Structures are given as structure tokens and as C-alpha cells.
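What the coordinates show
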Amino acid sequence: MACGLAYLHEDIPRLKGEGPKPAIAHRDFKSKNIMLRSDLTAVIGDFGLAVLFEAGEPPGETHGQVGTRRYMAPEVLEGAINFQRDAFLRIDMYAVGLVLWELVSRCKAVDGPVDEYMLPFEEEVGQHPSLEDLQDVVVHKKMRPSFKELWLKHSFCYLPTSPPPPAGRAATQTGSQTQRRRLHALNILVFLPFILKYSSKLLN
């Protein structure tokens, strides 16, 4: 899943016999849009809202408040999105954090049960939240899905001893470098609690 999104977000230069592949923002990344092949390989689907960022070309329709409300990043809910390439890729990364939270919530720890499946923020706003409900929880109250102590006993999920670098330091890196750093963290599920907390602040 993370590798697929890394490919979408990457600008790939012109190859022999092929044109360049521009960066693509999915804009509706959620668990329902992740499908599994028979070998359990994850694939990303539903590109109806996707936007291509080709060099020297306008990205087309970039209305900010699109996608599934529950998975919208704080800046999208607030209507304060910066209509630039990195801003849209950042929004995808916030949604990836929520999907990974869903995955972790359904994994069995060594000495614990598997919790009943819940959508992100379902405990706070229910199954059919309005835009205003999510704005209150995510933007105004700045809430994020919580991690249970039991989940941190998973062999593949642990908290790092320090948070990601502050926004000022991240801003000195190029967009692609920062995206690769984020996706590496996603692949090993080390920085997942921090993705939800800091994803809307990186590169600002």
C-alpha cells in the first residue's frame, strides 16, 4: 500500500520508449479504496478524484474539499488548503495514517483480543458524521485516533523515542525527500502515531 502511494507521488523522468510519469495525488485515500489480490498484495483503486502534476501544466480541477470526510486532513476540513503539489501529496499521507490506524486496531497482540472494527473517529462522531462534526473534532479540538497500550505490544509497532524533526527542519528538505522519509516510516510502522499528529504540519 505504501509502496503504491510512493509510486503515485513520485515524479519519474522520461524513460526509453516511455514518457515521464508525473506525481499523482489520489485525494480519496481510504480503506475502502484498498483492494487485495489473491496473493494478498494490496492495490489502490478509485482514481476518480486524482490529480496529475505535470511540469508546466495546470493540475486541472483542484477544489480542495473533496474526498471522504472522515479521511480529510485538518487543512481540507478547514478549507485552508494551499493549492500546490506538495500540499495535495501531504493530504494523501494523512489519510494513509488513518488507514494504518485501522489496520493496527484489528491486529491481535500477544496477550490481548482483537478489538471490534471501528472507523477512524467513529467513537467521537459516529458512523455518519457531518462536515461540521469532523471540523469540531479534528480542527478545533485537534483530536486524533488514539493508540491503546495493548496495540503497542505488537511486534511490528512501537513508539520511537523522539518525534519527527520540527516543521522548520523539514521545510529545508525538498518535497520528494520528505515524502520518501515519510513513506519509509509508514512501511515499518514506526512513526504511525506521529504521522497523524504531525502530517499537516510538515512542509508548512
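Quick note: structure is the one above.
Owing to the predicted nature of the structure, the values given are computational and were not obtained by experimental measurement.

**A short note on the overall build of the protein chain**
Scanning the protein chain from terminus to terminus reveals eight helices and four strands. Reading the secondary structure of the protein chain in the N-to-C direction produces α-β-β-β-β-α-α-α-α-α-α-α. A separation of at least 24 residues holds for 63% of the contacts in the protein chain among residues at least 6 apart in sequence. Accessible surface for the protein chain amounts to roughly 11300 Å². Of this, 55% is attributable to carbon and sulfur atoms.

**Description of the pattern of salt bridges**
Scanning all chains against the criterion turns up four salt bridges. We note a salt bridge from D11 to R85, for which the minimum N-O separation is 2.8 Å. A residue pair is termed long-range when its members are at least 10 positions apart, and D11 in the loop between α1 (2-9) and β1 (23-25) and R85 in helix α3 (residues 85-105) qualify at 74 residues. Here K141 ties to D136 by a salt bridge, and the two come within 3.4 Å at their closest N and O atoms. D136 sits in the partly exposed class, given a relative accessible area of 31%. What you see here is one network of salt bridges that share partners, running through D11, R85 and D86.

**Quick word on the side chain of D28**
Tracing the chain through its elements places D28 in the loop between β1 and β2 (34-36). Accessibility expressed as a relative area gives 10% for D28, which makes it buried. Excluding residues that lie within four positions of it along the chain, D28 makes contacts with N33, D46, L49, G67 and T68.

**So, unusual backbone geometry**
Of note in the backbone geometry, R27 takes a positive phi value of approximately 75° without being a glycine. Considering the arrangement of structural elements, one finds R27 in the loop between β1 and β2.

**Examining the environment of D133**
Mapped onto the elements of the fold, D133 is located in helix α5 (residues 131-140). It is 9.8 Å that separates the C-alpha atoms of D133 and R70, two residues lying 63 residues apart in sequence.

**A look at α1**
Of all the positions in α1, only A2, L5, L8 and H9 are classed as buried. Down the axis of α1, the buried side of the element spans an arc of 120°, and every buried residue falls inside it.

**Some details on α3**
Each turn of an α-helix holds 3.6 residues, which means side chains three or four residues apart point in the same direction. In this model α3 runs 31 Å from its N-terminal to its C-terminal C-alpha over 21 residues, within 8% of the 30 Å that 1.5 Å per residue would give. Counting buried positions along α3 yields 18 of 21 residues, so the element is predominantly enclosed.

**Observations concerning the nonpolar core**
As a rule of thumb, nonpolar side chains are buried together in soluble globular proteins. Counting 33 residues, the largest nonpolar core has L5, F29, L77, F121 and V138 as its most contacted members. Those elements giving two or more residues to this core turn out to be α1, β1, β4 (51-53), α2 (74-77), α3 and α5. Ranked by residue count, the leading element in this core is α3, at 11 residues. Every residue in contact with F121, bar those within four places of it in the chain, is listed here: R70, Y94, L98, G126, L134, V137, V138, M143, R144 and P145.

**Re the packing of aromatic side chains**
Scanning the model with the defined rule gives one aromatic pair in all. Centroid distance F53 to F88: 5.7 Å. Interplanar angle 35°. Geometry classified as tilted. Taken together, the positions of F53 in strand β4 and F88 in helix α3 put the pair 35 residues apart, joining distant regions of the chain. F53 sits in the buried class, given a relative accessible area of 11%. The exposure class assigned to F88 is buried, which follows from its relative accessible area of 2%. The ring of Y7 carries the charged tip of K21 above its face, separated from the ring centre by 4.8 Å.

Calculation rules
- Residues numbered from 1 in each chain as written.
- Predicted model: local features only at pLDDT ≥ 70, side-chain atom pairs only at ≥ 80, totals over all residues.
- Heavy atoms only, no water.
- Helix = DSSP H or I, 4+ residues; strand = E, 2+ residues; numbered from the N terminus.
- Contact = heavy atoms within 4.5 Å.
- Areas by Shrake-Rupley, 256 points an atom, 1.4 Å probe, with all protein chains shown as cover.
- Salt bridge = Lys/Arg side-chain N within 4 Å of Asp/Glu carboxyl O.
- Buried < 20%, exposed > 50% of the residue type's maximum accessible area, 1.4 Å probe, protein only.
- Arc of directions from axis to C-beta.
- Expected span 1.5 Å × (residues − 1).
- Core = buried A, V, L, I, M, F, W, Y, C linked by side-chain atoms within 4.5 Å.
- Phe/Tyr/Trp six-rings, centres within 6.5 Å; stacked < 30°, edge-to-face > 60°.
- Lys NZ or Arg CZ within 6 Å of the ring centre and 35° of its normal.

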